[in-house]
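Architecture at a glance
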Amino acid sequence: MFRTLIIILMVSISLPISAEQSTTPEDRHESPPTSVEAAGKNADFATMLNRIHPGNRIGYRFFEHFPIVFGPVPGDSVSAGLDPAQVDKLEKQFQARAGVYVYRREIREEKWLPQNWTFYVVPVQEGFDLLWVIETFDQGLNTYYGVQQCFRMGGLTNAEWRREIAETPAFSEYDLWAEQEKKGDKFTSLSYVRRKDKWESLPAIRQHVVCRTPLGLEMDLARSGGNLETITGIEPYGPSVFQPDIDCGLATRSTLDDTWVCGIYWERTAHITNHHPADCLHPFVNIGPIPAHSKRAIRGKIYWMKATRDDLFTRWSEEFGAR
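What this report covers is the structure whose coordinates are included nearby.

Parameters and conventions
Residues numbered from 1 in each chain as written. Predicted model: local features only at pLDDT ≥ 70, side-chain atom pairs only at ≥ 80, totals over all residues. Heavy atoms only, no water. Helix = DSSP H or I, 4+ residues; strand = E, 2+ residues; numbered from the N terminus. Contact = heavy atoms within 4.5 Å. Areas by Shrake-Rupley, 256 points an atom, 1.4 Å probe, with all protein chains shown as cover. Core = buried A, V, L, I, M, F, W, Y, C linked by side-chain atoms within 4.5 Å. Buried < 20%, exposed > 50% of the residue type's maximum accessible area, 1.4 Å probe, protein only. Arc of directions from axis to C-beta. Polar contact = N/O pair within 3.5 Å; in protein donor to acceptor, adjacent residues only side chain to side chain. Phe/Tyr/Trp six-rings, centres within 6.5 Å; stacked < 30°, edge-to-face > 60°. Lys NZ or Arg CZ within 6 Å of the ring centre and 35° of its normal. Salt bridge = Lys/Arg side-chain N within 4 Å of Asp/Glu carboxyl O. Pairing = 2+ DSSP bridges. Axes fitted to C-alpha atoms, helices over the stretch in contact; angles between N-to-C directions.

1. A short note on the overall build of the protein
Helices and strands together make up the secondary structure of the protein, namely 8 helices and 18 strands. The contacts of the protein with a sequence gap of at least 6 include a subset with a gap of at least 24, amounting to 66%. As displayed, the protein offers around 15700 Å² of accessible surface, 55% of which is attributable to carbon and sulfur atoms.

Right, dumping it as C-alpha cells:
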C-alpha cells in the first residue's frame, strides 16, 4: 500500500498544472458586474444594474413617439450601402454571446412603416454591448428615418411610475437641482457631449435641448431645404433649445466629481437631446435607408463604469472612433 501511495504522488506531481490553476485571479475571466432585465409590466422598457455601483438602476425605452422621415426609399441593398452577409454575421455573433438579453418588437403603430426590431443587449465589464436589427417588409425605409431611444437616469425626485423603471441618483440632474434649488445655488449640468474635440456640458435647464451630429446636420438641411431656422423642435416636443453641433453621437452623464460615467452611443446617431421632460438623454438614430424585405444592423454601447469622462472617450475611441 505504501508503494502504491508513492506511485500516486509521483504521477500527480508530474501532471501539468491546468490553465485555471496557473493564472492569477486578475488574469482569469470574471463575469461582468452589469446585468439587464425587463422593467416591470411595460415590455418596452428594460432596467440595467451594476453591482459595483449599488443604489442605481438605469432605465432604457426601446420604442417611443414618432419617427423623423425624409427622402426616397432605396431600391436595393447596394444603393442603401447594406451588406446582407455582414448583417447576418453580426446578428449571429450577438445571438451566441453569453448573457445576451433579447428584445423583439413588431412596429405597426400609426405614422410608422411596418418593420420588426430586435435588440441584443450584452452585459460586459464596462457596461453593455448593443445591436439593433431592423427588418422591413413590403415597404422599405426612407433615406432618413430618425428614431428616438430613451436613456433614463431619473433619481429619487422623479415621478413614482418612472422610478419603477429607473432610479439613478448618482446621475440624476433633477435630484442635484432639487438640492441646489433649496440652497439657492446655480444649477450644475451632469450631461456632456463632444464638441470641437473636447467635452462640453449641455445647459443646466429643464427645457428640451437638441444637438446635431454631422449626420443630423445633413438630415436637417435636406428636410428643411437648407433653412434650418424652420426646424423649431424635434418631434413630438414642440419648441426646443438648439445647441451648437457636436462631433459625434457619444453622450454621457457623469457624477459631480467625475469619477463615474454613464454614457450611450449608437452608430448613425443624428441628434442628441436632453429632458423629455423626464431626466434622461436621447439619441435619435437614423435607421434608414433600407430597401423592402431587407435588414440593417446598427451597433451601439452603453458605458457604465468607474472612470472619468476622458477615460470614457479613450475607451469609445478604441471601439468606435475610427468608424
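2. Details of the nonpolar core
Met48, Trp117, Trp132, Trp266 and Ile287 are the most contacted members of the largest nonpolar core, which totals 45 residues. For this core, the element with the highest residue contribution is strand β7 (residues 127-136), accounting for 4 residues. Other than its neighbours up to four places away in sequence, Trp266 contacts Tyr60, Phe119, Leu130, Leu131, Trp132, Gln149, Pro283, Val285, Ile298, Arg299 and Gly300. Membership of the second largest hydrophobic core comes to 12 residues, among which are Tyr192, Trp199, Val261 and Tyr265.

3. Focus on helix α7 (residues 214-223)
Among all positions of α7, only Gly216, Met219 and Asp220 are buried. An end-on view of α7 places all buried positions within 95° of arc, on one side of the element. In the core, the buried residues of α7 are packed alongside β4 (68-70), β8 (144-148), β12 (209-212) and β16 (269-274). At the exit of α7 stands Gly225, carrying a positive phi of roughly 65°.

4. Topic: helix α6 (residues 173-183)
Listed as buried for α6 are Glu173, Tyr174, Asp175, Leu176, Trp177 and Gln180. Among the structural elements, β10 (191-195), β14 (251-254) and β16 are those in contact with the buried residues of α6. Where α6 begins, one side-chain oxygen reaches toward the backbone nitrogen of Tyr174, 3.4 Å away; that side chain belongs to Ser172. Just beyond α6, the residue with positive phi is Gly184, at close to 75°.

5. Structural notes on the side chain of Asp175
Within the secondary structure layout, Asp175 lies in helix α6. Excluding residues that lie within four positions of it along the chain, Asp175 makes contacts with Gly155, Leu156, Thr157 and Pro169.

6. Thoughts on the side chain of Asn142
Relative to the helices and strands, Asn142 resides in the loop between β7 and β8. If we skip the residues at most four places from it in the chain, Asn142 touches Val69, Phe70, Gly71, Pro72, Val73, Leu113, Gly288 and Pro289.

7. Side note on the packing of aromatic side chains
Counted under the stated rule, the structure contains 20 aromatic pairs. Relative to Trp266, the ring of Trp132 has its centre 5.4 Å away and its plane inclined at 65°; by these criteria the two rings are edge-to-face. Of this pair, Trp132 sits in strand β7 while Trp266 sits in strand β15 (residues 261-266), placing them 134 residues apart in sequence. Ring geometry for Tyr265 and Phe320: centres 4.8 Å apart, planes at 50°, overall tilted. Remark: Phe320 occurs in helix α8 (residues 309-321) and Tyr265 occurs in strand β15; sequence separation between them is 55 residues. Accessibility classification places Tyr265 together with Phe320 in one group, the buried group. Put simply, the rings of Tyr60, Phe62, Phe63, Tyr103, Trp112, Trp117, Phe119, Trp132, Tyr145, Phe151 and Trp266 touch in pairs and so form one group of aromatic residues. Between Arg194 and the ring centre of Trp199, over which it is positioned, the NZ or CZ distance is 5.1 Å.

8. Quick notes on unusual backbone geometry
A negative phi angle characterises most non-glycine residues, just as the trans form characterises most peptide bonds. The residue after Gly288, namely Pro289, is reached through a cis peptide bond having omega -5°. Mapped onto the secondary structure, Pro289 falls in the loop between β17 (280-286) and β18 (295-305). In this model, Asp258 sits at a positive phi of 55°, which is unusual for a non-glycine residue. Non-glycine residue His293 carries a positive phi angle of around 55°. Residue placement: His293 occurs in the loop between β17 and β18. Owing to a relative accessible area of 56%, His293 belongs among the exposed residues under this scheme.

9. Some details on the pattern of salt bridges
Within the structure shown, the criterion is met by 21 salt bridges. For Asp129, the salt bridge identified is with Lys301, shortest N-O distance 2.7 Å. With Asp129 in strand β7 and Lys301 in strand β18, the pair connects residues that are 172 residues apart, well separated along the chain. Its relative accessible area of 13% is what places Asp129 among the buried residues. Using a relative accessible area of 1% as the deciding quantity, one classes Lys301 as buried. Among the ionic pairs, Arg253 bridges to Glu173, the shortest N-O distance being 3.6 Å. Taken together, the positions of Arg253 in strand β14 and Glu173 in helix α6 put the pair 80 residues apart, joining distant regions of the chain.

10. Details of the sheet that holds strand β11 (residues 198-201)
If you trace the 8 strands from one edge of the open sheet to the other, you get β5-β6-β7-β18-β15-β14-β10-β11, paired in antiparallel fashion. Only two strands of the sheet have a single partner each, and these edge strands are β5 (101-107) and β11. Averaged over all neighbouring strand pairs, the angle between strand axes comes to 20°, with direction disregarded. By the bridge criterion, 4 bridges tie β14 to β15 in an arrangement that is antiparallel. Considered in β15, the bridge of Thr252 is made with Gly263. Sitting on the sheet, α8 is in contact with β7, β10, β11, β14, β15 and β18, with an inclination near 155° to β18.

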